[in-house]
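Examining the three-dimensional arrangement
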Amino acid sequence: MIIDFHAHIYPKKIAEKASKNIGEFYHTQMCYDGSPEKLLESGKKIGVEKYIVHSTATAAHQVEAINNYIISEVKLHEEFIGFGTIHPDYQDFENELNRIKNSGLRGIKLHPDFQKFQVDTPQMDDIYEVISALKMPILVHAGDYRYDFSGPKRILNVIEKHPSLIVVAAHFGGYTEWDNSMKYLVGQRVWFDTSSTLWQLPKEKALKMIEAHGYEKFLFGSDYPMWDHQDELKRFDSLKLNEEKREAILYKNAERLLKD
Ligand SMILES: [Zn+2]
């Protein structure tokens, strides 16, 4: 059993284009087109049974439509656990966050680098407080040395300012900024996902971070459509974690995080 904690999906009409844009943003070739069907196909090959699926609004006016899309996909596929989207400029966030929760979505995905806001901007404070009160975790894209939106230090500021907000910092806490993640986030009250990391982070460093932060705070994620599930699992298994740690990261930690 595996839970994929980080999977992007896009409506058919825009799947190909959206996935191509992201590929260009990261100067890489996407493995897939971002459609829910291909996600299920790719994940099935390694035994993924649940997927945390999401899509990000890059402008406030897209928020409702994207949430509606995720809500409808969750209804179509019992394998999907949906995370909604919100945007710092979205005015009626309290109602929308409640609607997200009441529609059965389980958390909120933020991608500050695409959404162009600093993750610790005071503009997000009220939004974080509502998310906190609704007991929904946020899955936040973390880090990129080319930008200053979502680095580990800024994520630490959010954690400190919002003590009951449940935060999952993607990519071992800081994509291409793993030294800063080690410095600011390791050991803190934050979960990490493993996505888009193991292709670049040296094995010894990854193991050191897992050891220092605690394997019980790591969640396996593919970052579909960026990576193929089989390749991503191979990279994860090359760490040669013992069975207890392996199972914890592949699904047990996610189950614990999502249990209520
Ligand atoms: Zn993501």
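None of these values were measured; they are calculated from a predicted model. (Residues numbered from 1 in each chain as written. Predicted model: local features only at pLDDT ≥ 70, side-chain atom pairs only at ≥ 80, totals over all residues. Heavy atoms only, no water.)

**Points about empty space enclosed by the protein**
This structure, assessed with the given rule, holds one cavity of 30 Å³ or more. Approximately 90 Å³ is the volume attributed to the largest cavity. In terms of lining, the largest cavity is formed by 14 residues, of which the most central are His8, Tyr26, His111, Asp223 and Met226. In the lining of the largest cavity, the residues fall into seven nonpolar, five polar and two charged. (1 Å grid on protein atoms, 1.4 Å probe; cavity = no way out; pocket = protein on both sides within 12 Å on 5 of 7 lines; lining within 4 Å. Points joined across faces, edges and corners; volume = space filled by probe spheres on them. Nonpolar A, V, L, I, M, F, W, Y, C, P; charged D, E, K, R; others polar.)

**Some points on the side chain of Asp193**
Relative to the helices and strands, Asp193 is located in strand 7 (residues 191-193). Side chain to side chain, Asp193 and His6 meet in a polar contact 2.7 Å long. At 3.0 Å, the side chain of Asp193 and the backbone nitrogen of His171 are in polar contact. (Helix = DSSP H or I, 4+ residues; strand = E, 2+ residues; numbered from the N terminus. Polar contact = N/O pair within 3.5 Å; in protein donor to acceptor, adjacent residues only side chain to side chain.)

**Re the side chain of Ser132**
Tracing the backbone through its elements, the reader meets Ser132 in helix 6 (residues 125-133). Residue class for Ser132 comes out buried when judged on its relative accessible area of 9%. (Buried < 20%, exposed > 50% of the residue type's maximum accessible area, 1.4 Å probe, protein only.)

**Points about the layout of surface pockets**
The calculated volume of the largest pocket comes to roughly 480 Å³. If you go around the largest pocket, you meet 18 residues; those closest to its centre are Tyr10, Ile14, Ala18, Thr56 and Ile66. Mapped onto the lining of the largest pocket, the elements with two or more residues apiece are helix 1 (12-25) and helix 3 (63-76). Broken down by element, the residue count for the lining of the largest pocket peaks at six residues, all from helix 1. The residue inventory of the lining of the largest pocket, partitioned by class, reads nine nonpolar, seven polar and two charged. Size it by volume and the second largest pocket reaches roughly 170 Å³. Residue lining of the second largest pocket: Lys101, Leu105, Arg106, Lys135, Met136, Pro137, Ile166, Trp191, Arg256, Leu257, Leu258 and Asp260, and that is the complete set. Looking at the lining of the second largest pocket residue by residue, the classes come out as seven nonpolar, no polar and five charged.

**Thoughts on the pattern of salt bridges**
Following the criterion strictly, the structure yields ten salt bridges and no others. One salt bridge connects Lys161 with Asp125, and the closest N-O pair in it is separated by 2.8 Å. With Lys161 in helix 7 (residues 152-161) and Asp125 in helix 6, this pair connects stretches of sequence that are 36 residues apart. Residue Asp125 is classed as buried on the basis of its relative accessible area, which comes to 15%. (Salt bridge = Lys/Arg side-chain N within 4 Å of Asp/Glu carboxyl O.)

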